[in-house]
Number of protein chains: 2
Amino acid sequence: MSSASVREILSGRVAAGTAVTVQGWIKTRRDSKAGLSFLAVSDGSCQDNIQVVAPNTLDNYDTEVLKLTSGCAVRCSGKLVASQGKGQGMEIEGAKVEVVGWVDDPETYPIQPKPHTMEFLREVAHLRPRTNTFGAVARIRHTIAQAIHRYFHEREFFWVNTPIVTASDCEGAGQMFRVSTLDMLNLPRTDKGGIDWSKDFFGKEAYLTVSGQLAVEGYCLALSKVYTFGPTFRAENSNTTRHLAEFWMIEPEIAFADLNDDANLAEDFLKYIFNAVLNERGDDMKFIADRVEKSAITRLEKFISAPFERIDYTQAIDILKKAPKKFDYPVEWGNDLQTEHERYLAEEHIGRPVVVMNYPEQIKSFYMRLNDDEKTVAAMDVLAPGIGEIIGGSQREERLDYLDRRIQQFGLNPDSYQWYRDFRRYGTVPHAGFGLGFERLVVYVCGLTNIRDAIPYPRTPGHAEF
Amino acid sequence: MSSASVREILSGRVAAGTAVTVQGWIKTRRDSKAGLSFLAVSDGSCQDNIQVVAPNTLDNYDTEVLKLTSGCAVRCSGKLVASQGKGQGMEIEGAKVEVVGWVDDPETYPIQPKPHTMEFLREVAHLRPRTNTFGAVARIRHTIAQAIHRYFHEREFFWVNTPIVTASDCEGAGQMFRVSTLDMLNLPRTDKGGIDWSKDFFGKEAYLTVSGQLAVEGYCLALSKVYTFGPTFRAENSNTTRHLAEFWMIEPEIAFADLNDDANLAEDFLKYIFNAVLNERGDDMKFIADRVEKSAITRLEKFISAPFERIDYTQAIDILKKAPKKFDYPVEWGNDLQTEHERYLAEEHIGRPVVVMNYPEQIKSFYMRLNDDEKTVAAMDVLAPGIGEIIGGSQREERLDYLDRRIQQFGLNPDSYQWYRDFRRYGTVPHAGFGLGFERLVVYVCGLTNIRDAIPYPRTPGHAEF
């Protein structure tokens with residue numbers, strides 16, 4: 001008697017006629033007049049359930065089988081046979097149904113076998129992975145994460161886990177969370193009345209990182225190809241469906257590389273990830289396309305099928321100025337592109353992903369490489385239909401004198417960047433990289449409309465759950 | 001002219017006679033009287049360097065090649081030939097050596113081509129990946145991380161990224177870091193003089209997680225096999241070489257499983273990881289064995305070769321009481337095992353890894369399953385020669401009435417655990433899991449003596465770097 005996952009069984013790896021045991025949870029129970037109960041059992045290994053046919057000859061048929069409700073845990077043993085119902089699936093002729101865990105008060109169990117709103121499911125986040133939708137999201141999220149690691153590993157990149165608690169605001173990217181063990185009711189003070197941070201855990205002010213990029217550059221300039229994949233934090237009080245205070249970022253960094261290499265990597269990377277999802281999560285993607293977002297599969301296929309367009313920021317401004325469309329935000333050389341502009345470019349004008357390159361220097365970060373025109377920097381954004389900006393990257397300023405000028409121009413404290421300057425003093429090389437949010441990818445692939453549905457335990461703003 | 005990594009070239013994937021370009025950094029330069037310079041070039045893709053032979057007929061031989069020092073960045077093109085020197089390696093007959101980045105003031109460059117102390121290298125953490133030792137550590141760390149993800153993926157586990165910022169102290173495991181955006185100089189107060197946390201970012205007190213286990217259980221009870229791999233935090237002011245305030249944890253959780261299944265998983269998992277390192281990082285492990293820890297390879301081979309021993313805690317106490325050895329800490333049923341006890345068991349008494357099972361209930365966490373004797377819980381520790389405890393795990397208490405008793409016994413607030421109780425109310429099943437520290441694995445594999453050398457940017461206690 002072999003125990004097998006539902007995925008193994010449904011994929012045909014277990015021969016018909018084999019005696020099998022499956023363990024999982026009841027999705028639905030249906031009783032026929034012929035004295036059979038049909039149990040749809042899920043173990044979460046895939047989207048589809050296995051059907052277990054339990055005859056009324058079972059000892060516990062009346063006392064237990066007929067009382068099974070959605071969510072009950074069972075262990076079912078029987079013979080695997082070709083299903084007599086619709087399709088050519090396999091089912092288990094149930095010789096034995098053992099109830100492992102009942103559902104306490106089935107009437108009030110939050111996960112009923114019926115559609116629930118996403119809002120409701122966010123309130124029972126600890127139970128929502130039991131639904132078809134969030135089972136699919138969890139498996140797809142896993143598949144994306146695996147594909148990310150695999151993509152880089154196969155190409156000789158090394159994963160670097162850069163510090164989460166940090167004393168530096170890496171790129172001035174928004175407000176940071178403070179990390180402290182001081183007793184807030186008895187804060188140590190300096191002579192001048194400020195907080196005496198030397199008494200705090202790290203002996204200085206400490207924050208949650210907003211990006212691992214600057215730190216990972218040091219590894220890039222030793223190992224050539226590296227990436228981060230870890231959590232980052234932004235304390236922006238933006239109550240939107242597109243922002244999270246805590247999110248995972250992927251940040252590859254490549255040495256001996258310029259902005260074109262960076263754009264090549266971004267394109268190849270995204271296509272690899274989407275391909276992996278389509279290949280490895282067919283059942284979940286079909287469910288998503290049927291129930292969540294009709295275009296979920298076709299838009300990934302389209303994304304993969306054609307080369308990305310590449311245009312300069314300056315060209316993009318020209319296109320937008322000539323667009324037969326009114327925008328809410330003004331189109332002006334020197335302004336950053338807004339989501340409406342990005343979506344127009346990718347969706348309407350070009351009709352496929354586009355890399356916009358070489359942005360005005362004053363709207364981009366200090367570490368980006370100044371172009372020869374001294375007006376633009378070697379920055380890029382990848383814009384995609386249906387989501388807008390999905391990747392932001394740049395070639396880094398590898399020339400010390402230029403970097404120093406930029407540090408001064410941005411009003412940063414050069415003392416805080418001595419270690420970063422060292423990378424330019426010792427064997428500097430052209431290098432480039434990009435960053436993208438893991439949850440943005442999940443949202444896009446799963447056709448979600450609220451980014452809080454892309455994380456295992458959603459937080460509403462102003463509320464840290466669990 | 002193909003550009004290739006040093007790893008590709010040295011692995012024999014590029015045929016002799018091929019024109020190649022390598023890009024990397026000078027490790028050493030040696031000049032022969034015959035008018036040749038031998039450049040050892042590393043791009044960090046592997047431990048070994050490629051030798052580039054630069055003849056004095058190069059245009060820039062006197063002006064540049066002879067001025068190259070350790071750390072300079074170069075691009076070298078030439079023909080790949082079998083090395084005439086020691087061994088059968090490949091080398092590049094240098095037709096062209098282009099200097100990409102000089103080393104500013106070579107005399108004071110911290111990474112000289114000579115041995116450095118670990119203490120010194122911790123002070124220049126941003127440059128230490130350029131050394132042979134920390135290059136090896138970085139590549140091995142990557143290989144371990146990849147092997148972890150691959151191990152679980154191949155066995156149908158799903159990765160779940162549990163919350164980093166949390167409102168609950170998951171297992172009471174030591175002091176937590178507070179996360180806040182409040183202005184410390186103007187803290188909002190309640191009527192009663194306390195801090196008004198409702199004004200903070202999350203509307204309540206928030207902390208950095210100490211473990212993802214409780215949260216991941218919810219996914220286990222829907223997807224059957226899951227794991228976390230992410231950062232966790234402990235604000236313990238332990239200035240030791242074995243503790244970090246910030247470290248990455250791996251926490252698998254399996255449904256329909258008991259303590260024996262858990263021990264099986266732990267053993268299989270560790271052996272897989274060590275096997276992967278030996279297979280995939282031969283050159284780095286050889287370096288580690290030559291320069292850092294002589295037994296690095298043999299102890300992993302030994303670890304893999306035999307089944308783990310399994311004993312009960314009660315047996316372990318008997319063994320320790322009869323040991324022909326004096327311990328600093330008393331051996332008494334009901335006390336936790338100390339490192340000296342653990343190492344005696346694994347190293348001297350048994351001589352290979354041992355799983356100690358079924359600990360006294362009062363020294364273990366509230367969520368562990370009470371055994372029928374009502375004196376012990378289904379907890380286990382994996383102890384290994386050379387490191388002591390490497391994994392801690394347990395079968396979880398899946399019975400609601402028992403869990404409620406334990407919550408009360410431990411003085412915990414039941415209201416904070418309603419969501420966790422739900423897992424026992426709705427389709428509960430026996431389940432088990434374990435946790436292990438990623439950096440402990442790195443320390444063990446790389447033969448390091450200070451855990452701060454297992455992370456990319458080391459922190460000394462009381463000091464958050466970068």
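The rules behind each value
- Each chain carries its own residue numbering, running from 1 in the direction its sequence is written.
- A letter from A marks each chain and a number from 1 marks each ligand, given out in the order of writing.
- Only residues with pLDDT of 70 or above have their local features reported here, since the model is predicted, and side-chain atom pairs are shown and tallied only from 80 upward, although totals for entire chains, interfaces and linings are computed over all residues.
- For the side-chain quantities, the full set of heavy atoms in the structure was used; hydrogens and water were omitted.
- Helix axes use the C-alpha atoms of the stretch in contact, all axes being lines fitted to C-alpha atoms, and the angles between their N-to-C directions lie in the range 0 to 180 degrees.
- Per the convention used, a helix needs a DSSP run of H or I reaching at least four residues, while a strand needs a run of E reaching at least two, with both numbered from the N terminus.
- Put simply, angles under 35 degrees are roughly parallel, angles over 145 are roughly antiparallel, angles from 65 to 115 are roughly perpendicular, and the rest are oblique.
- When the near helix sits turned anticlockwise from the far one by under a right angle, the crossing is termed left-handed; a clockwise turn instead gives a right-handed crossing.
- Contacts are assigned to residue pairs that have any heavy atoms within 4.5 Å of one another.
- Each residue is assigned to one of three groups, with Ala, Val, Leu, Ile, Met, Phe, Trp, Tyr, Cys and Pro labelled nonpolar, Asp, Glu, Lys and Arg labelled charged, and all others, Gly among them, labelled polar.
- For each domain, the first and last residues come from an automatic or database assignment.
- A quick way to say it: buried area is the sum, across both parts, of accessible area lost when two parts are put together, with a 1.4 Å probe.
- Only protein chains enter the area calculation, which uses a 1.4 Å probe; residues under 20% of their type maximum are buried, those over 50% are exposed, and those in between are partly exposed.
- At least two DSSP bridges between two strands are required for those strands to pair.
- Least squares is the method for superposing the copies, and the C-alpha atoms it fits come from residues with pLDDT of at least 70 in both.
- Counted as salt bridges are all cases of a side-chain nitrogen of Lys or Arg within 4 Å of a carboxyl oxygen of Asp or Glu.
- Whenever two N or O atoms come within 3.5 Å, that pair is a polar contact, provided that in protein one can donate a hydrogen and the other can accept it, and provided that, for residues adjacent in sequence, both atoms are side-chain atoms.
- Nonpolar cores were defined as sets of buried Ala, Val, Leu, Ile, Met, Phe, Trp, Tyr and Cys residues, with membership established by side-chain atoms within 4.5 Å.
- Only the six-membered ring of Trp is used, alongside the rings of Phe and Tyr, when aromatic pairs are assigned; centres must lie within 6.5 Å, and planes under 30 degrees apart are stacked while those over 60 apart are edge-to-face, with the rest tilted.
- To sit over a ring, a charge needs its Lys NZ or Arg CZ within 6 Å of the ring centre and within 35 degrees of the ring normal.

Section: the packing of helix H5 (residues 259-280) of chain B against helix H12 (residues 438-446) of chain B
All names here are of chain B.
- Where H5 meets H12, the axes come as close as 12 Å, and the angle between the chain directions of the two elements is 50°. Relative to H12, the element H5 is oriented oblique. The element H5 and its partner H12 pack so that their crossing is right-handed. For the pair H5 and H12, the contacting residues are Leu270, Phe274 and Val277 in the first and Leu441, Tyr444 and Val445 in the second.
- Residues belonging to the contact of H5 with H12 are distributed by class as follows: six nonpolar, no polar and no charged.

A few points about the domain arrangement of chain A
Residues and elements named next belong to chain A.
- The assigned domain composition of chain A is domain 1 (6-101) and domain 2 (132-173 + 210-453).
- A straight line from the C-alpha centre of domain 1 to that of domain 2 covers 45 Å.
- On the side of domain 2, eight residues touch domain 1, which itself brings seven residues to the contact.
- Here domain 1 meets domain 2 over a buried area of about 570 Å², counting both sides, of which 28% is carbon and sulfur.

Focus: the pairing of strand S3 (residues 36-42) of chain B
Residues and elements named next belong to chain B.
- Counting buried residues along S3, six of its seven residues qualify, which places the element largely inside the surrounding structure.
- Sheet topology note: the strand S2 (residues 19-31)/S3 ladder contains six bridges and is antiparallel. Bridge pairing in S3 places threonine 28 opposite alanine 40.
- In this structure, S3 lies alongside strand S4 (residues 50-55), joined through six bridges in antiparallel fashion. Across the sheet, residue serine 37 finds its bridge partner in S4, namely alanine 54.

What to know about the relation of the copies chain B and chain A
- Least-squares fitting of chain B to chain A yields an RMSD of 0.1 Å, with the transformation described by 0.0 Å of translation along the axis and a rotation of 180°. The two molecules are tied by a two-fold rotation axis, judged by turn and shift. Nearest to the rotation axis, the C-alpha of B:Val179 is located 2.5 Å from it, this being the minimum over chain B.
- Taken together, the interface assignments show that 100% of the residues at the interface of chain B recur at the interface of chain A, consistent with an identical surface on both copies.

Thoughts on the sheet that holds strand S7 (residues 158-159) of chain A
Residues and elements named next belong to chain A.
- A sheet is described by the order of its strands in space; here eight strands give the open sequence S7-S11-S12-S17-S16-S15-S14-S13, paired in mixed fashion. Each edge of the sheet is formed by a strand with only one pairing partner; in this case those strands are S7 and strand S13 (309-312).
- As paired strands, S7 and strand S11 (residues 225-233) are joined by two bridges and run parallel to one another. Residue pairing in the sheet places tryptophan 159 in a bridge with tyrosine 227 of S11.
- Of the strands in this sheet, S7, S11, strand S12 (246-255) and strand S17 (431-437) are in contact with helix H4 (residues 213-223), which crosses S12 at around 30°.

Some remarks on the packing of helix H3 (residues 132-154) of chain A against helix H5 (residues 259-280) of chain A
All names here are of chain A.
- At a minimum axis distance of 9 Å, the contact between H3 and H5 shows a crossing angle of 135°. Classified by the angle between their axes, H3 and H5 sit oblique to one another. The hand of the H3/H5 crossing is right-handed. The residues of H5 that touch H3, namely those facing Ile140, Thr143, Ile144, Ala147, Ile148, Arg150, Tyr151, Phe152 and Glu154, are Leu265, Asp268, Phe269, Tyr272, Ile273, Ala276, Val277 and Glu280.
- For the contact of H3 with H5, a count of residues per class yields twelve nonpolar, one polar and four charged.

What about the interface of chain B and chain A?
- Listed per partner, the contact involves 113 residues of chain B and 113 residues of chain A.
- In this assembly, chain B and chain A are joined by four salt bridges.
- Put simply, B:Asp104 and A:Arg425 hold a salt bridge, and the shortest N to O gap is 3.1 Å.
- For the pair chain B and chain A, the number of links is 37 residue pairs in polar contact (both at pLDDT 80 or more).

Let's talk about the nonpolar core
- Ranked by internal contacts, the top residues of the largest apolar core, which has 288 residues, are A:Leu270, A:Phe274 and B:Leu270.
- Here this core takes twelve residues from H5(B), the largest share from any one element.
- Setting aside chain neighbours within four positions, we find A:Leu270 in contact with A:Phe303, A:Phe308, A:Val382, A:Ile390, A:Ile391, A:Leu436 and A:Leu441.
- Judged by nonpolar contacts, the second largest core, of 22 residues, contains A:Phe202, B:Ile164, B:Phe202 and B:Leu208.

Thoughts on the side chain of A:Arg178
- In this structure, A:Arg178 sits in strand S9 (residues 178-180).
- Looking at A:Arg178, its side chain comes within polar contact range of the side chain of A:Glu205, at 2.9 Å.
- For A:Arg178, the residues in contact, after removing those within four places along its chain, are A:Trp197, A:Glu205, A:Ala206, A:Tyr207, B:Arg178, B:Val179, B:Ser180 and B:Met184.

Quick look at the packing of aromatic side chains
- In this structure the tally under the stated criterion is 65 aromatic pairs over all chains.
- Ring centres of A:Phe201 and A:Phe202 lie 4.9 Å apart, and the angle between their planes is 75°; on these two criteria the pair is classed as edge-to-face.
- A relative accessible area of 9% means that A:Phe201 is categorised as buried.
- Judged by relative accessible area, which is 5%, A:Phe202 ranks as buried.
- On the numbers, 5.2 Å between centres and 65° between planes, the contact of A:Phe366 with A:Tyr417 is edge-to-face. In this pair, A:Phe366 sits in the loop between strand S14 (354-360) and strand S15 (376-384) while A:Tyr417 sits in the loop between helix H10 (400-409) and helix H11 (418-425), placing the two residues 51 residues apart along the sequence. This pair shows no difference in class: A:Phe366 is buried, exactly as A:Tyr417 is.
- Cation over ring: A:Arg424 sits above A:Tyr420, and NZ or CZ is 4.1 Å from the ring centre.
- One Lys or Arg, B:Arg399, reaches over the ring of B:Tyr402 and ends 3.6 Å from the middle of that ring.

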